[in-house]
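Secondary and tertiary structure notes
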Amino acid sequence: LGEAINRGLLSPFQYFGITDEVDYQGISWINGKYDVNELENVYTSDDIRCGLILSKVQEYVTRMDDVKGLGFCISVKHAEYMANYFNEHKIPSLALSAKSIDSIRDDAKRQLVDGEIKFIFVVDLYNEGVDIPEVNTVLFLRPTESATVFLQQLGRGLRLSEEKECLTV
């Protein structure tokens, strides 16, 4: 990754680790992962966490008007919750999942690239196989137990684009 960035093949990035107040010790661990239903319940009942996420996005991105972001969520309900929260706070956003039909996915991609929306919150989608070089912000909003999945998700923002100075994670 470092060599590819140094050779100009991938976008440089800045990574900010943000601590939230979720107590993961109270969440069940099943088959090597956190219980999705328990995480969903925690993540979709906590406007304080969403407020923290939004305030940190506003703090760390250069210009909110230029944001083209992806947020990786734990479930459809979580993705919809995040999109609704951002929309309520005047940050145009959409939620997509693996069940979203192709025409909706294509339209969302176009809206993101054109700047009509600022974020697409996704679940089980866009980990790989999508190419949106304009993505300049990635939000990891859920635990990722797999280094491979983490790198695939990070890679959604590492594509080179003329307008992008660097990726904000």
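A few points on the structure. Per chain, residue numbering runs from 1 following the sequence as it is written. Since the coordinates come from a predicted model, pLDDT governs what is reported: local features require at least 70, and pairs of side-chain atoms require 80 or more to be given and counted, while whole-chain, interface and lining totals use all residues. For the side-chain quantities, the full set of heavy atoms in the structure was used; hydrogens and water were omitted.

Here's the deal with the packing of aromatic side chains
Each aromatic ring pair is summarised here by two numbers: the centre-to-centre distance and the angle between the ring planes. Classification of ring pairs rests on two measures: the distance between centres of Phe, Tyr or Trp rings, Trp counted by its six-membered ring, which must be within 6.5 Å, and the angle between planes, read as stacked under 30 degrees, edge-to-face over 60 and tilted in between. Considering all chains together, one arrives at nine aromatic pairs under this definition. Centroid distance phenylalanine 72 to phenylalanine 140: 6.1 Å. Interplanar angle 20°. Geometry classified as stacked. Placement of the pair is phenylalanine 72 in strand 4 (residues 69–72) and phenylalanine 140 in strand 7 (residues 137–140), with a sequence separation of 68 residues. The exposure class of phenylalanine 72 is buried, given its relative accessible area of 2%. With centroids separated by 5.1 Å and ring planes inclined at 70°, the aromatic side chains of phenylalanine 86 and phenylalanine 121 adopt a geometry described as edge-to-face. Of this pair, phenylalanine 86 sits in helix 4 (residues 76–88) while phenylalanine 121 sits in strand 6 (residues 119–123), and the two are 35 residues apart along the sequence. Secondary structure elements are defined from DSSP: runs of H or I of at least 4 residues count as helices, runs of E of at least 2 residues count as strands, and each element is numbered from the N terminus. Burial status follows relative accessibility: with a 1.4 Å probe on protein chains alone, a residue under 20% of its type maximum counts as buried, one over 50% as exposed, and anything between as partly exposed.

What to know about the environment of glutamate 165
Within the secondary structure layout, glutamate 165 lies in the loop between helix 6 (147–155) and strand 8 (167–168). Taking the C-alpha atoms as reference points, glutamate 165 and asparagine 41, 124 residues apart in sequence, are found 36 Å from one another. Those residues in contact with glutamate 165 that sit more than four places away from it in its chain are Ser11 and Pro12. We call two residues in contact when some of their heavy atoms are within 4.5 Å.

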